[in-house]
Amino acid sequence: MEKKIPLTIDGRAVQGRAGQTILEVARHSGIFIPTLCYMDRTTKVGACRVCVVEVEGARTLVASCCMPISPGMVVRTDTPKVQAAQRMVVELLWSSGDHNCLTCERNGSCELQDLVYRFQIEKPRFEITPPGHAKDLSNSMIQRDLNKCVLCGRCIRACNEIQVNEVLDFTRRGSRAKVGPAFETDYIDSDCFFCGECADACPVGAITLRPARFGGRPWETKKVRTTCTYCGVGCQMELNVHEDRIVSVTGNSAFGEPNLGSLCAKGRFGMDFVHHPDRLKKPLIRREKGGDLEEASWEEALDLVASRFKEIREKSGPDALAGLSSARCTNEENYLFQKFMRAGIGTNNVDHCARL
Amino acid sequence: MAGLAAAFGSGAMTNSIAELEYTDCILATGTNTTENHPVIGAVVKRAVRQHNTKLVVIDPREITLTKYADIWLRQKPGTDVAVLNGLMNVILAENLSDKAFVEGRTENFEAFRQVVEKYTPEFVEKISGVPAEDLKRAARMYARAKRASILYSMGITQHTTGTDNVKSVANLSMLCGNVGIEGGGVNPLRGQNNVQGACDMGALPNVFPAYQQVAAPEVRAFFEKAWGVQTLPGKPGLTIMEIMNAAHHGDIKGLYIMGENPMISDPDLSHAEESLKKLDFLVVQDIFLTETARLADVVLPSASFAEKEGTFTNTERRVQRVRKAVGSPGEALPDWEIIARIATRMGYPMAYGNAREIWEEIRKVTPSYAGISYKRIEREGLQWPCPNTEHPGTRFLHKERFTRGRGLFSAIEYLPPAELPDEAYPMILSTGRVLYHYHTGTMTRVSKGLSERYSESLVEINPEDASRLGIDDGRTVRLTSRRGSVRAKAKVTGRSPVGTVFMNFHFREAAVNLLTNPALDPIGKIPEYKVCAVRVEAA
């Protein structure tokens, strides 16, 4: 049995494992501590200081996301001193960027906005001085507006530690610091693989999914969990639907295996086909050999299929018919297809493209 | 699949994706994982960067994974059996095998050992070009790991020796006792979302759902009763390539194609087109008017994955839900509904109200799926075998016992590819996918973003070959094989080895399958997409 470490948070006796941080134990015990730069499964960097708490005996406030617990530790998460410090951090973050919720795609799903609201900040005490970075509109997949960046580094850790694409990092120093690919290039000219993990990781509107721009507010979109239609990994994804259209695709680490919230360029940005104008909308039939394909009713098309299949079977036997099922279709459809070929037509001539 | 089924009794990925992150060694061969299964690629990269997993990559191309590899063996295309036998030769010579496992869990070891004896590192170097010392180092790295996992994909299977390649991979895993343990196994990565499911459901000419043989009378009797028919055919049917050939000969007269585009994906497209044109009647059911649909007599519009309910089974045997998010355009219908309507019209009534009703029937006739209900997989998928509703699913197969009983070693000799370079066609062409596109391009090429990143087909050619042929980066080149000719722009890159060009098959205007060799693996019936002979010239 692993030894439990006892400590006190906000007067409550709680327990944790060796190596756990104050934040982890607090969350596990249902005690809320605000965070911004913290991201599960990545290095704890303590960059934003939003999660500071008071620890008895400590010289200063400590970042709860980085501080390991120790036996007998006494932690307070809600003292006036803690709240004043957290509030100050949020005010500074607000004032350092162009956080204009009116036009921001993350309005309603922004962690900075949530913190401002939580701390009831009407306006920062400091002058608002956005850094004046040019927007990266170089591609139609990922949009970057670093004037909204809070330098939490979550995108960098998502890129390096989760996807391990090793494209993003901090460049420059101090107030001129920014995140991005090497040599400050736009994404399209970098080695970026467009997995979009950085956009999912971003807590604010600095890195967003371009297809979603003006495609519906968070509270207007319906999230439908499904399985990706591309390769065999079977990533779990959220289709964000507004007015019967998929406006964007997001990952969700809460969905667990197999992908723990990660996606790739195809799953993330390859859904345009669903609403493409060239989608087939009506059955087509060739009414005479050598003629064109013409629109038909389902009745006419299905009658033709059934009668021609029957005709071939009567004349040449069931093995003169064959069917190619599809690794793109569902289990239910594959099952039904082979059942139809075997029981309905009477042949085992059924295969699919696994070999190609 | 046939190779793995022969060795272990099941052709499925033995272990789970999540196990890769914490295993001790990964041997990746014939899989460009970061482009074809990017999220699994990320797991492999995390294992290497964060968990000290050793990585051995065996691949003729300098794929991204080589950047993360401890050892990269760059073999000549199509020499996989020699390399794998070479690894096993070293393991046996240096006494690194798991003797207890070999003795206790496998059979036919002696015949296998005799063949492998010949494949000394020096002999293998002559065949494959892999330096003998590198081969030894890789063998030691794999064999000394406590748990080691093998990943492979189409780079192993799309050869005339594909089944041999797979059997060799299985040999290697068994030799080091890596089957039936967490973090080990032989893991074929499936290229399409539901290849595993389509196979499990019996969309194969020789088996019913759950690989129950059509040739077995007692199995047929079971399905005759379940499906309410007098008799079911007992003779295994034709495979996809055999169907196309039979159509060419006039033996197949009517063909029903659901959601496939052989006019881009089949080898030797001219032959495929002739075959389809010879049919008396062709029905294509798809979401777009594909190249194949254009040849059809009837085209039926179907719903996309975002417009219907159902399940997919991923590469690690995990059954997961597919959910309807949006309505279908026009009169398009889910594929299952179209099939049911045709069947009913042909006098075989299929009255299903929804996908769940079909699923419930599947559970009754598919023992490995019996315990998987929609309700149980509402939040997280379950991995088959899952024989009853209390069963938690199976993370890895062959624990304590192989599906077939004992693991079967196969004695495999190296055979060269069917078509090798000669004077007229002096280079090797290898084909595959790129990150930003998918299969025949029907879905990805209409994506604005993906097309910005990769807008046209490129021929990857080594700088040495390029300069010899006077080809600059971006120059249009013509590739010619015995079967056809295509033009595309050159990408001069060291990713391609000297003497080999690589091209993807996503672009219909540069359809590389006009060139590929339809020579099939005799057992798996998979065409040799990874090696054919071509001539490359500036166009």
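About the thresholds
Residues numbered from 1 in each chain as written. Chains lettered and ligands numbered in written order. Predicted model: local features only at pLDDT ≥ 70, side-chain atom pairs only at ≥ 80, totals over all residues. Helix = DSSP H or I, 4+ residues; strand = E, 2+ residues; numbered from the N terminus. Rg over C-alpha atoms; globule rule 2.2 N^0.38 Å. Contact = placed C-beta atoms within 7 Å. Nonpolar A, V, L, I, M, F, W, Y, C, P; charged D, E, K, R; others polar. Buried ≥ 20, exposed ≤ 12 C-beta atoms within 10 Å, placed from the backbone. Arc of directions from axis to C-beta. Axes fitted to C-alpha atoms, helices over the stretch in contact; angles between N-to-C directions. Parallel < 35°, antiparallel > 145°, perpendicular 65-115°, else oblique. Left-handed = near helix turned anticlockwise from the far one by under 90°. Domains from an automatic or database assignment. pLDDT = per-residue confidence, 0-100.

Moving on, we get to the overall build of chain B. A count of helical and extended segments in chain B gives 19 helices and 23 strands. Taking 2.2 N^0.38 as the reference for a compact globule, 539 residues should give roughly 24 Å; the C-alpha atoms of chain B span a radius of gyration of 23 Å, in line with that estimate. With the C-alpha coordinates of chain B rotated into their principal frame, the extents come out at 65 × 60 × 45 Å. The long-range fraction of contacts in chain B, counting pairs at least 24 apart against all pairs at least 6 apart in sequence, stands at 70%.

Turning next to the interface of chain B and chain A. Chain B puts 117 residues into the contact, and the matching count from chain A is 101 residues. A per-element tally of the side of chain B that touches chain A places helix α16 (residues 335-345) of chain B first, with eight residues. For the side of chain B that touches chain A, the per-class residue count stands at 65 nonpolar, 27 polar and 25 charged.

We now examine helix α17 (residues 355-365) of chain B. Among all positions of α17 of chain B, only A355, I358, W359, I362 and V365 of chain B are buried. For α17 of chain B, the angular spread of buried residues about the axis comes to 125°, placing them on one side. Turned more than 90 degrees away from the buried face of α17 of chain B, the exposed residues are E360 and K364 of chain B. Close packing links the buried residues of α17 of chain B with α8 (331-345) of chain A together with α12 (217-227), β12 (310-313) and α16 of chain B.

Time to look at the packing of helix α4 (residues 80-93) of chain B against helix α10 (residues 162-175) of chain B. Residues and elements named next belong to chain B. At a minimum axis separation of 9 Å, α4 and α10 run at an interaxial angle of 15°. In terms of orientation, α4 lies roughly parallel with respect to α10. Our pair here, α4 against α10, has a crossing hand that is left-handed. Residue-level inspection shows D80, V81, L84, N85, L87, M88 and I91 of α4 in contact with α10, the latter providing D164, N165, S168, V169, N171, L172 and L175.

The parts lose accessible area when they come together, and the size of an interface is often stated as this lost area. Residue and element names in this part refer to chain B. Taken domain by domain, chain B consists of domain 1 (2-189), domain 2 (195-383) and domain 3 (427-538). Measuring from the centre of the C-alpha atoms in domain 1 to the corresponding centre in domain 2 gives 33 Å. Domain 1 puts five residues into the contact, and the matching count from domain 2 is five residues.

The subject of this paragraph is the environment of L238 of chain B. Summarising the element assignment, L238 of chain B is placed in the loop between α12 and α13 (240-249). By C-beta crowding, L238 of chain B is classed as buried, having 22 other C-beta atoms within 10 Å. Placed 68 residues apart in sequence, L238 of chain B and A306 of chain B show a C-alpha to C-alpha distance of 32 Å. Beyond its immediate stretch of four places on either side in the chain, L238 of chain B contacts A322 and N349 of chain A together with P205, I243 and A246 of chain B.

Here the focus is the domain arrangement of chain A. Residues and elements named next belong to chain A. By the assigned domains, chain A splits into domain 1 (4-78), domain 2 (130-274), domain 3 (280-316) and domain 4 (320-356). For domain 1 versus domain 2, the distance between C-alpha centres works out to 29 Å. Counting residues at the interface gives ten residues for domain 1, matched by eleven residues for domain 2. Residues belonging to the side of domain 1 that touches domain 2 are distributed by class as follows: six nonpolar, two polar and two charged.

The share of residues in chain B with pLDDT of 70 or more is 100%, and the mean pLDDT across the chain is 95. Two numbers describe this predicted complex: its pTM, 0.94, and its ipTM, 0.94.

Our next topic: the environment of V90 of chain A. Residues and elements named next belong to chain A. For V90, the location among the structural elements is in helix α2 (residues 80-95). On the basis of neighbour count, V90 is assigned to the buried category, with 25 C-beta atoms found within 10 Å. Each C-alpha atom, one on V90 and one on D191, is 33 Å from the other, the two residues being 101 residues apart in sequence.

The step from E257 of chain A to P258 of chain A runs through a cis peptide bond, and the omega angle for that step is 5°. Relative to the helices and strands, P258 of chain A resides in the loop between β12 (245-250) and α6 (265-269). That bond from W384 of chain B to P385 of chain B is cis: its omega, 0°, falls within 30 degrees of zero. You can see P385 of chain B is positioned in the loop between β14 (382-383) and β15 (407-408). Positive phi is not limited to glycine here, since Q120 of chain A has a value of about 55°. Along the chain, Q120 of chain A falls in the loop between α3 (111-118) and β6 (142-144). Its identity is not glycine, yet D244 of chain A carries a phi of approximately 65°, on the positive side. Inspection of the secondary structure puts D244 of chain A in the loop between β11 (236-242) and β12.

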